[in-house]
Amino acid sequence: MEPYELSITAAAEEIQARRLSPVELVDSVLQRIEQVEPHLGAYVTVAADQARRTAREAEHEAAQGRFRGPLHGIPVGLKDLIDVAGSPTTASSRVRADHRAASDSMVAARLRAAGAIVVGKTHTHEFAYGLTTPQTANAWDRDRVAGGSSGGSAVAVASGAATFALGTDTGGSIRVPAALNGVVGLKPTYGLVPRHGVTSLSWSLDHVGPITRTVEDAALVLAALAGHDPRDPASVAAPAVDYRPPSDPDLTGVRVGVPRTHYFDHVDAEVAAAVHRAVAQLEALGARLVEIDIPMTRYLQATQWGLMVPEATAYHESTLRTVPELYQPDVRILLEAGELMSAGDYLRAQRARTLMRDAWARILEDVDLIAAPTVPTTAVRAGQETVTWPDGRVESVPDAYVRLSSPANITGVPALSVPVGHDSAGMPIGMQLLGRHFGERTLLRVGHAYEGTQSGRALAPVS
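Residues numbered from 1 in each chain as written. Predicted model: local features only at pLDDT ≥ 70, side-chain atom pairs only at ≥ 80, totals over all residues. Heavy atoms only, no water.

A.B. asks: I would appreciate a short explanation of the packing of aromatic side chains in the present structure.
C.D. replies: Pairs of aromatic rings are described using the distance from one ring centre to the other and the angle between the two planes. By the definition in use, this model includes one aromatic pair. Ring geometry for phenylalanine 127 against tyrosine 327: centres 5.9 Å apart, planes inclined by 40°, an arrangement best described as tilted. Highlighted residues: phenylalanine 127 in the loop between strand S3 (117-122) and helix H5 (151-159) and tyrosine 327 in the loop between helix H10 (317-322) and helix H11 (329-338), separated in sequence by 200 residues. Across this residue pair, the class does not change: phenylalanine 127 and tyrosine 327 are buried. (Phe/Tyr/Trp six-rings, centres within 6.5 Å; stacked < 30°, edge-to-face > 60°. Helix = DSSP H or I, 4+ residues; strand = E, 2+ residues; numbered from the N terminus. Buried < 20%, exposed > 50% of the residue type's maximum accessible area, 1.4 Å probe, protein only.)

As C-alpha coordinates, this is what we get:
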(Lines give C-alpha, C1' and ligand atoms only; values in the text may rest on other atoms or scores of the structure.)
Protein backbone atom coordinates (compact mmCIF):
# COMPACT_ATOMS: atom_id res chain seq x y z
CA MET A 1 0.00 0.00 0.00
CA GLU A 2 1.28 3.45 -0.93
CA PRO A 3 1.29 6.17 1.76
CA TYR A 4 -1.36 8.22 -0.12
CA GLU A 5 -3.78 5.30 0.30
CA LEU A 6 -3.68 5.45 4.11
CA SER A 7 -6.50 6.80 6.22
CA ILE A 8 -5.73 9.47 8.83
CA THR A 9 -5.88 6.85 11.57
CA ALA A 10 -3.50 4.47 9.81
CA ALA A 11 -1.10 7.23 8.75
CA ALA A 12 -1.02 8.68 12.28
CA GLU A 13 -0.10 5.27 13.70
CA GLU A 14 2.72 4.91 11.17
CA ILE A 15 4.05 8.41 11.82
CA GLN A 16 4.00 8.04 15.60
CA ALA A 17 5.72 4.66 15.33
CA ARG A 18 8.38 6.35 13.11
CA ARG A 19 7.69 3.89 10.28
CA LEU A 20 6.51 6.75 8.05
CA SER A 21 7.63 10.36 7.99
CA PRO A 22 5.42 13.37 7.21
CA VAL A 23 7.81 14.11 4.33
CA GLU A 24 7.21 10.68 2.80
CA LEU A 25 3.45 11.01 3.21
CA VAL A 26 3.27 14.49 1.72
CA ASP A 27 5.52 13.50 -1.18
CA SER A 28 3.32 10.49 -1.88
CA VAL A 29 0.16 12.64 -1.92
CA LEU A 30 1.78 15.29 -4.13
CA GLN A 31 2.90 12.61 -6.57
CA ARG A 32 -0.64 11.24 -6.59
CA ILE A 33 -1.96 14.72 -7.36
CA GLU A 34 0.39 14.94 -10.34
CA GLN A 35 -0.86 11.54 -11.53
CA VAL A 36 -4.62 12.07 -11.25
CA GLU A 37 -5.13 15.81 -11.50
CA PRO A 38 -5.01 15.93 -15.32
CA HIS A 39 -7.96 13.51 -15.35
CA LEU A 40 -10.03 14.82 -12.42
CA GLY A 41 -9.41 18.54 -11.94
CA ALA A 42 -9.95 18.51 -8.17
CA TYR A 43 -7.55 21.36 -7.34
CA VAL A 44 -7.55 25.08 -8.06
CA THR A 45 -4.02 25.46 -6.70
CA VAL A 46 -1.45 23.03 -5.33
CA ALA A 47 0.94 24.39 -2.70
CA ALA A 48 3.67 21.79 -3.21
CA ASP A 49 6.68 23.80 -2.05
CA GLN A 50 4.97 25.11 1.06
CA ALA A 51 3.60 21.65 1.88
CA ARG A 52 7.07 20.10 1.64
CA ARG A 53 8.55 22.81 3.88
CA THR A 54 5.84 22.25 6.47
CA ALA A 55 6.34 18.48 6.23
CA ARG A 56 10.03 18.89 7.03
CA GLU A 57 9.10 20.94 10.09
CA ALA A 58 6.62 18.26 11.16
CA GLU A 59 9.29 15.60 10.66
CA HIS A 60 11.72 17.56 12.84
CA GLU A 61 9.10 17.75 15.60
CA ALA A 62 8.44 14.01 15.27
CA ALA A 63 12.15 13.25 15.55
CA GLN A 64 12.13 15.06 18.89
CA GLY A 65 9.08 13.11 20.04
CA ARG A 66 6.81 16.16 19.83
CA PHE A 67 3.54 15.10 18.26
CA ARG A 68 0.66 17.55 18.03
CA GLY A 69 -1.95 14.79 17.83
CA PRO A 70 -3.42 12.44 15.24
CA LEU A 71 -3.34 15.08 12.48
CA HIS A 72 0.41 15.64 12.84
CA GLY A 73 1.92 15.50 9.35
CA ILE A 74 -1.38 14.61 7.62
CA PRO A 75 -2.04 16.23 4.18
CA VAL A 76 -5.32 18.12 3.77
CA GLY A 77 -7.04 19.82 0.86
CA LEU A 78 -9.17 22.88 1.64
CA LYS A 79 -12.20 23.94 -0.38
CA ASP A 80 -11.41 27.19 -2.14
CA LEU A 81 -13.74 29.17 0.09
CA ILE A 82 -11.48 28.70 3.10
CA ASP A 83 -8.81 31.33 3.73
CA VAL A 84 -5.18 30.37 4.18
CA ALA A 85 -2.87 33.31 4.84
CA GLY A 86 -1.02 34.41 1.71
CA SER A 87 -2.87 31.97 -0.57
CA PRO A 88 -5.58 32.70 -3.14
CA THR A 89 -9.21 32.17 -2.18
CA THR A 90 -10.91 32.32 -5.56
CA ALA A 91 -14.19 30.50 -4.81
CA SER A 92 -13.56 28.99 -8.28
CA SER A 93 -14.72 32.29 -9.76
CA ARG A 94 -13.29 34.99 -12.02
CA VAL A 95 -14.79 37.48 -9.57
CA ARG A 96 -12.12 36.48 -7.04
CA ALA A 97 -9.28 35.78 -9.47
CA ASP A 98 -6.88 38.20 -7.75
CA HIS A 99 -7.94 37.69 -4.15
CA ARG A 100 -5.38 36.56 -1.58
CA ALA A 101 -6.20 35.92 2.05
CA ALA A 102 -4.54 38.18 4.60
CA SER A 103 -4.92 35.66 7.44
CA ASP A 104 -5.99 32.11 8.17
CA SER A 105 -9.61 31.19 8.61
CA MET A 106 -10.29 29.75 12.04
CA VAL A 107 -10.61 26.20 10.68
CA ALA A 108 -7.33 26.47 8.76
CA ALA A 109 -5.61 27.85 11.85
CA ARG A 110 -6.94 25.00 13.99
CA LEU A 111 -5.87 22.35 11.49
CA ARG A 112 -2.39 23.84 11.21
CA ALA A 113 -2.12 24.02 15.01
CA ALA A 114 -3.03 20.31 15.08
CA GLY A 115 -0.18 19.56 12.67
CA ALA A 116 -2.11 19.09 9.42
CA ILE A 117 -0.35 20.13 6.21
CA VAL A 118 -2.27 22.05 3.54
CA VAL A 119 -1.41 20.66 0.09
CA GLY A 120 -3.77 22.84 -1.90
CA LYS A 121 -7.16 24.44 -2.48
CA THR A 122 -9.90 22.34 -4.06
CA HIS A 123 -12.51 23.34 -6.61
CA THR A 124 -16.03 24.36 -5.68
CA HIS A 125 -19.06 25.08 -7.81
CA GLU A 126 -18.64 28.85 -8.24
CA PHE A 127 -19.15 30.48 -4.83
CA ALA A 128 -20.60 27.13 -3.69
CA TYR A 129 -23.81 27.98 -5.54
CA GLY A 130 -24.47 24.64 -7.23
CA LEU A 131 -24.56 20.87 -6.83
CA THR A 132 -22.23 19.57 -9.56
CA THR A 133 -18.78 21.34 -9.48
CA PRO A 134 -18.48 21.27 -13.29
CA GLN A 135 -14.68 21.83 -13.30
CA THR A 136 -14.16 18.47 -11.57
CA ALA A 137 -14.83 14.91 -12.74
CA ASN A 138 -16.21 12.13 -10.56
CA ALA A 139 -13.43 10.00 -9.11
CA TRP A 140 -15.18 6.77 -10.19
CA ASP A 141 -16.20 7.82 -13.71
CA ARG A 142 -14.76 10.87 -15.44
CA ASP A 143 -17.89 11.22 -17.56
CA ARG A 144 -20.05 11.85 -14.48
CA VAL A 145 -20.42 14.80 -12.13
CA ALA A 146 -18.41 15.08 -8.96
CA GLY A 147 -21.32 16.51 -7.01
CA GLY A 148 -21.11 19.88 -5.37
CA SER A 149 -20.35 22.26 -4.19
CA SER A 150 -17.46 20.56 -2.38
CA GLY A 151 -16.78 18.36 -5.39
CA GLY A 152 -13.06 19.02 -5.51
CA SER A 153 -12.63 18.06 -1.85
CA ALA A 154 -14.57 14.80 -2.20
CA VAL A 155 -12.75 13.80 -5.40
CA ALA A 156 -9.36 14.57 -3.86
CA VAL A 157 -10.07 12.29 -0.90
CA ALA A 158 -11.64 9.54 -3.02
CA SER A 159 -8.68 9.48 -5.43
CA GLY A 160 -5.84 9.69 -2.89
CA ALA A 161 -4.99 13.29 -3.80
CA ALA A 162 -5.58 14.29 -0.15
CA THR A 163 -5.71 12.23 3.03
CA PHE A 164 -8.68 14.34 4.09
CA ALA A 165 -10.32 17.59 3.06
CA LEU A 166 -12.64 20.29 4.29
CA GLY A 167 -15.83 21.31 2.53
CA THR A 168 -18.79 23.55 3.22
CA ASP A 169 -22.43 22.51 3.30
CA THR A 170 -25.34 24.91 2.71
CA GLY A 171 -27.87 22.51 1.20
CA GLY A 172 -25.90 19.27 1.13
CA SER A 173 -22.58 20.35 -0.37
CA ILE A 174 -20.41 18.11 1.83
CA ARG A 175 -22.72 15.10 1.86
CA VAL A 176 -23.76 15.08 -1.81
CA PRO A 177 -20.21 14.84 -3.29
CA ALA A 178 -19.16 12.50 -0.48
CA ALA A 179 -21.99 10.13 -1.42
CA LEU A 180 -21.32 10.41 -5.16
CA ASN A 181 -17.60 9.64 -4.69
CA GLY A 182 -17.80 6.92 -2.05
CA VAL A 183 -16.28 8.76 0.92
CA VAL A 184 -17.47 9.98 4.33
CA GLY A 185 -18.87 13.48 4.73
CA LEU A 186 -19.93 15.17 7.97
CA LYS A 187 -22.05 18.31 8.26
CA PRO A 188 -21.80 19.26 11.94
CA THR A 189 -24.48 20.95 14.02
CA TYR A 190 -24.98 24.59 13.03
CA GLY A 191 -22.57 26.68 15.10
CA LEU A 192 -20.29 23.85 16.24
CA VAL A 193 -17.50 24.60 13.74
CA PRO A 194 -16.67 28.30 13.23
CA ARG A 195 -16.89 29.91 9.80
CA HIS A 196 -14.72 33.00 10.28
CA GLY A 197 -12.56 33.39 7.16
CA VAL A 198 -14.82 31.17 5.04
CA THR A 199 -16.58 32.74 2.05
CA SER A 200 -20.32 32.63 2.68
CA LEU A 201 -23.11 31.41 0.43
CA SER A 202 -26.02 31.71 2.88
CA TRP A 203 -25.01 32.63 6.42
CA SER A 204 -27.97 31.01 8.18
CA LEU A 205 -27.43 27.69 6.36
CA ASP A 206 -23.62 27.48 5.95
CA HIS A 207 -21.58 24.81 7.73
CA VAL A 208 -17.93 23.71 7.53
CA GLY A 209 -17.02 20.05 7.95
CA PRO A 210 -14.67 17.19 7.04
CA ILE A 211 -14.60 14.80 4.10
CA THR A 212 -12.62 11.66 4.96
CA ARG A 213 -12.15 8.00 4.03
CA THR A 214 -13.48 6.59 7.30
CA VAL A 215 -15.89 7.60 10.05
CA GLU A 216 -13.13 7.47 12.65
CA ASP A 217 -11.13 9.92 10.54
CA ALA A 218 -14.12 12.29 10.49
CA ALA A 219 -14.22 12.15 14.29
CA LEU A 220 -10.53 13.06 14.53
CA VAL A 221 -10.94 16.07 12.26
CA LEU A 222 -14.10 17.26 14.00
CA ALA A 223 -12.27 17.21 17.32
CA ALA A 224 -9.69 19.60 15.87
CA LEU A 225 -12.28 21.93 14.31
CA ALA A 226 -15.01 22.23 16.94
CA GLY A 227 -15.02 25.04 19.46
CA HIS A 228 -16.31 28.54 20.03
CA ASP A 229 -15.04 31.49 18.01
CA PRO A 230 -16.39 34.94 18.98
CA ARG A 231 -15.75 36.23 15.44
CA ASP A 232 -18.50 33.95 14.09
CA PRO A 233 -21.88 35.24 15.35
CA ALA A 234 -23.40 31.76 15.00
CA SER A 235 -20.59 29.99 16.88
CA VAL A 236 -21.75 28.07 19.94
CA ALA A 237 -19.72 27.44 23.10
CA ALA A 238 -20.55 23.73 23.23
CA PRO A 239 -18.85 21.46 25.80
CA ALA A 240 -15.73 19.63 24.62
CA VAL A 241 -16.54 16.09 23.49
CA ASP A 242 -14.46 13.01 22.70
CA TYR A 243 -15.83 12.27 19.23
CA ARG A 244 -13.76 9.18 18.55
CA PRO A 245 -16.21 6.27 18.26
CA PRO A 246 -15.88 3.22 20.52
CA SER A 247 -14.45 0.02 19.04
CA ASP A 248 -17.42 -1.99 20.34
CA PRO A 249 -19.97 -2.24 17.48
CA ASP A 250 -22.88 -3.13 19.79
CA LEU A 251 -25.80 -0.77 19.09
CA THR A 252 -28.21 -2.26 21.62
CA GLY A 253 -30.59 0.45 22.83
CA VAL A 254 -29.99 2.80 19.90
CA ARG A 255 -33.28 3.79 18.23
CA VAL A 256 -32.95 4.38 14.50
CA GLY A 257 -35.75 6.25 12.78
CA VAL A 258 -36.59 4.97 9.29
CA PRO A 259 -38.70 7.50 7.35
CA ARG A 260 -41.97 6.43 5.79
CA THR A 261 -42.24 9.76 3.99
CA HIS A 262 -39.98 11.98 1.87
CA TYR A 263 -36.64 10.18 2.11
CA PHE A 264 -37.60 7.14 0.05
CA ASP A 265 -39.98 8.98 -2.32
CA HIS A 266 -38.65 9.31 -5.87
CA VAL A 267 -35.43 7.48 -5.05
CA ASP A 268 -33.59 5.18 -7.42
CA ALA A 269 -34.41 1.54 -6.65
CA GLU A 270 -30.75 0.54 -6.27
CA VAL A 271 -30.11 3.44 -3.89
CA ALA A 272 -33.15 2.57 -1.77
CA ALA A 273 -32.19 -1.12 -1.67
CA ALA A 274 -28.62 -0.37 -0.60
CA VAL A 275 -29.77 1.92 2.21
CA HIS A 276 -32.35 -0.59 3.41
CA ARG A 277 -29.61 -3.26 3.53
CA ALA A 278 -27.43 -0.91 5.56
CA VAL A 279 -30.30 -0.19 7.96
CA ALA A 280 -30.78 -3.94 8.36
CA GLN A 281 -27.11 -4.18 9.32
CA LEU A 282 -27.71 -1.60 12.05
CA GLU A 283 -30.58 -3.72 13.33
CA ALA A 284 -28.32 -6.78 13.29
CA LEU A 285 -25.88 -4.84 15.49
CA GLY A 286 -28.62 -4.34 18.08
CA ALA A 287 -30.32 -1.11 17.00
CA ARG A 288 -34.11 -0.87 17.19
CA LEU A 289 -35.80 0.39 14.03
CA VAL A 290 -38.69 2.83 14.42
CA GLU A 291 -40.80 4.02 11.51
CA ILE A 292 -41.27 7.79 11.46
CA ASP A 293 -42.94 10.45 9.33
CA ILE A 294 -41.01 13.53 8.22
CA PRO A 295 -43.05 16.69 8.86
CA MET A 296 -43.80 19.59 6.50
CA THR A 297 -42.19 17.87 3.52
CA ARG A 298 -44.14 19.89 0.95
CA TYR A 299 -42.47 23.07 2.23
CA LEU A 300 -38.87 21.84 2.38
CA GLN A 301 -37.68 22.95 -1.04
CA ALA A 302 -39.44 26.31 -0.86
CA THR A 303 -37.95 26.97 2.57
CA GLN A 304 -34.42 26.04 1.50
CA TRP A 305 -34.50 28.27 -1.57
CA GLY A 306 -36.44 30.99 0.28
CA LEU A 307 -33.60 31.29 2.78
CA MET A 308 -30.61 30.68 0.54
CA VAL A 309 -31.42 32.79 -2.51
CA PRO A 310 -31.93 36.20 -0.82
CA GLU A 311 -29.02 35.66 1.58
CA ALA A 312 -26.68 34.78 -1.29
CA THR A 313 -27.82 37.79 -3.30
CA ALA A 314 -27.28 40.10 -0.33
CA TYR A 315 -23.72 38.79 0.08
CA HIS A 316 -22.95 39.41 -3.62
CA GLU A 317 -24.81 42.71 -3.92
CA SER A 318 -21.77 44.87 -4.69
CA THR A 319 -20.01 42.64 -7.23
CA LEU A 320 -23.29 41.65 -8.88
CA ARG A 321 -23.76 45.31 -9.72
CA THR A 322 -20.17 46.10 -10.70
CA VAL A 323 -18.86 42.95 -12.47
CA PRO A 324 -21.90 40.77 -13.29
CA GLU A 325 -20.23 39.49 -16.46
CA LEU A 326 -17.57 37.68 -14.40
CA TYR A 327 -20.09 35.22 -12.90
CA GLN A 328 -20.92 31.94 -14.58
CA PRO A 329 -24.40 32.10 -16.18
CA ASP A 330 -26.06 29.59 -13.82
CA VAL A 331 -24.82 31.42 -10.71
CA ARG A 332 -25.60 34.87 -12.08
CA ILE A 333 -29.20 33.85 -12.83
CA LEU A 334 -29.69 32.65 -9.25
CA LEU A 335 -28.16 35.80 -7.81
CA GLU A 336 -30.34 38.03 -9.98
CA ALA A 337 -33.40 35.98 -9.01
CA GLY A 338 -32.69 36.83 -5.39
CA GLU A 339 -33.24 40.51 -6.14
CA LEU A 340 -36.85 39.70 -7.03
CA MET A 341 -37.67 38.06 -3.69
CA SER A 342 -39.54 40.18 -1.17
CA ALA A 343 -38.87 40.62 2.53
CA GLY A 344 -42.17 38.88 3.14
CA ASP A 345 -40.98 35.79 1.24
CA TYR A 346 -37.81 35.67 3.31
CA LEU A 347 -39.68 36.08 6.60
CA ARG A 348 -42.13 33.33 5.65
CA ALA A 349 -39.17 31.02 4.99
CA GLN A 350 -37.72 31.92 8.39
CA ARG A 351 -41.05 31.16 10.04
CA ALA A 352 -41.28 27.80 8.26
CA ARG A 353 -37.72 26.99 9.38
CA THR A 354 -38.69 27.61 13.01
CA LEU A 355 -41.66 25.28 12.71
CA MET A 356 -39.53 22.60 11.04
CA ARG A 357 -36.81 22.86 13.66
CA ASP A 358 -39.36 22.37 16.42
CA ALA A 359 -41.00 19.44 14.61
CA TRP A 360 -37.66 17.71 14.06
CA ALA A 361 -36.74 18.19 17.72
CA ARG A 362 -39.94 16.35 18.67
CA ILE A 363 -39.14 13.48 16.28
CA LEU A 364 -35.65 13.18 17.72
CA GLU A 365 -37.06 12.83 21.23
CA ASP A 366 -38.43 9.43 20.17
CA VAL A 367 -35.41 8.22 18.16
CA ASP A 368 -31.67 8.73 18.56
CA LEU A 369 -31.04 9.31 14.87
CA ILE A 370 -32.60 8.95 11.43
CA ALA A 371 -31.20 6.77 8.62
CA ALA A 372 -32.00 7.58 4.99
CA PRO A 373 -30.44 7.95 1.54
CA THR A 374 -28.04 10.87 1.16
CA VAL A 375 -29.08 11.55 -2.43
CA PRO A 376 -31.90 9.94 -4.45
CA THR A 377 -29.66 8.85 -7.32
CA THR A 378 -26.00 8.25 -8.00
CA ALA A 379 -23.77 10.56 -10.06
CA VAL A 380 -25.42 11.65 -13.31
CA ARG A 381 -23.63 12.17 -16.60
CA ALA A 382 -21.80 15.47 -17.01
CA GLY A 383 -24.13 17.93 -18.72
CA GLN A 384 -27.28 16.06 -17.71
CA GLU A 385 -29.81 18.61 -16.51
CA THR A 386 -32.78 16.52 -15.33
CA VAL A 387 -33.71 13.22 -13.72
CA THR A 388 -36.84 11.41 -14.89
CA TRP A 389 -38.50 9.09 -12.38
CA PRO A 390 -40.51 5.95 -13.29
CA ASP A 391 -43.84 7.73 -12.70
CA GLY A 392 -42.89 10.36 -15.29
CA ARG A 393 -41.92 13.09 -12.86
CA VAL A 394 -39.05 15.21 -14.19
CA GLU A 395 -36.76 16.91 -11.68
CA SER A 396 -33.75 19.15 -12.21
CA VAL A 397 -30.45 17.63 -11.09
CA PRO A 398 -29.83 20.35 -8.44
CA ASP A 399 -33.33 19.85 -7.00
CA ALA A 400 -32.84 16.08 -6.92
CA TYR A 401 -29.48 16.31 -5.18
CA VAL A 402 -30.56 18.87 -2.59
CA ARG A 403 -33.98 17.36 -1.82
CA LEU A 404 -32.82 14.84 0.80
CA SER A 405 -29.92 16.83 2.23
CA SER A 406 -31.47 20.27 2.76
CA PRO A 407 -33.58 19.38 5.85
CA ALA A 408 -30.39 19.15 7.94
CA ASN A 409 -29.36 22.64 6.84
CA ILE A 410 -32.79 24.14 7.48
CA THR A 411 -32.99 22.63 10.97
CA GLY A 412 -29.26 22.79 11.79
CA VAL A 413 -29.06 19.14 12.90
CA PRO A 414 -25.85 17.17 12.26
CA ALA A 415 -25.74 14.75 9.33
CA LEU A 416 -23.19 12.12 8.33
CA SER A 417 -22.97 10.45 4.91
CA VAL A 418 -21.46 6.97 4.89
CA PRO A 419 -20.79 4.82 1.78
CA VAL A 420 -23.09 1.78 1.57
CA GLY A 421 -22.13 0.17 -1.74
CA HIS A 422 -22.37 0.77 -5.48
CA ASP A 423 -25.07 0.58 -8.11
CA SER A 424 -24.95 -1.72 -11.14
CA ALA A 425 -22.87 0.86 -13.01
CA GLY A 426 -20.27 0.83 -10.22
CA MET A 427 -21.17 4.26 -8.85
CA PRO A 428 -21.09 4.85 -5.07
CA ILE A 429 -24.22 5.08 -2.91
CA GLY A 430 -24.42 6.96 0.41
CA MET A 431 -26.55 6.55 3.54
CA GLN A 432 -27.26 9.66 5.60
CA LEU A 433 -27.49 9.58 9.40
CA LEU A 434 -29.18 12.61 10.96
CA GLY A 435 -29.24 13.28 14.70
CA ARG A 436 -30.02 15.69 17.49
CA HIS A 437 -28.30 19.04 17.81
CA PHE A 438 -24.75 18.36 19.05
CA GLY A 439 -25.40 14.62 18.67
CA GLU A 440 -22.34 14.04 16.47
CA ARG A 441 -20.95 11.43 18.82
CA THR A 442 -24.00 9.21 18.32
CA LEU A 443 -23.86 9.58 14.53
CA LEU A 444 -20.16 8.74 14.49
CA ARG A 445 -20.68 5.75 16.77
CA VAL A 446 -23.41 4.31 14.56
CA GLY A 447 -21.62 5.10 11.31
CA HIS A 448 -18.42 3.50 12.61
CA ALA A 449 -20.32 0.41 13.76
CA TYR A 450 -21.86 0.02 10.29
CA GLU A 451 -18.48 0.59 8.63
CA GLY A 452 -17.06 -2.28 10.67
CA THR A 453 -19.46 -4.72 9.02
CA GLN A 454 -18.03 -3.93 5.57
CA SER A 455 -14.78 -4.98 3.94
CA GLY A 456 -12.14 -2.30 3.58
CA ARG A 457 -12.85 0.23 0.85
CA ALA A 458 -10.34 0.91 -1.89
CA LEU A 459 -9.70 4.28 -3.43
CA ALA A 460 -11.46 5.15 -6.67
CA PRO A 461 -9.76 3.36 -9.58
CA VAL A 462 -8.23 6.41 -11.27
CA SER A 463 -5.48 5.50 -13.75
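A.B. asks: Please explain unusual backbone geometry as it appears in this structure.
C.D. replies: The general pattern is negative phi for most residues beyond glycine and trans for most peptide bonds. The peptide bond linking glycine 148 to serine 149 adopts the cis configuration, its omega dihedral lying at 5°. Not every positive phi belongs to a glycine, and alanine 128 is a case in point at roughly 65°. Relative to the elements of secondary structure, alanine 128 occurs in the loop between S3 and H5. Look at alanine 128 and you get buried, because its relative accessible area is 4%. Look at histidine 266: it is not a glycine, yet its phi comes out positive at around 50°. Mapped onto the elements, histidine 266 comes out in the loop between strand S7 (255-259) and helix H8 (269-284).

A.B. asks: In this structure, what is going on with the sheet that holds strand S9 (residues 369-373)? I would like to understand it.
C.D. replies: Strand pairing in a sheet relies on backbone hydrogen bonds. The paired strands run either parallel or antiparallel. As summarised here, the arrangement of the 11 strands in space is S1-S3-S2-S4-S6-S5-S12-S13-S9-S7-S8, forming an open sheet in which the pairing is mixed. With one partner strand each, in any of the chains shown, strand S1 (43-46) and strand S8 (288-292) form the two edges of the open sheet. Adjacent strand axes in the sheet meet at a mean angle of 30°, parallel and antiparallel pairs treated alike. As defined by bridge partners, strand S5 (residues 184-187) adjoins strand S12 (residues 415-422) across three bridges and the pair is classed as antiparallel. Within the sheet, the bridge partner assigned to leucine 186 lies in S12 and is leucine 416. (Pairing = 2+ DSSP bridges. Axes fitted to C-alpha atoms, helices over the stretch in contact; angles between N-to-C directions.)

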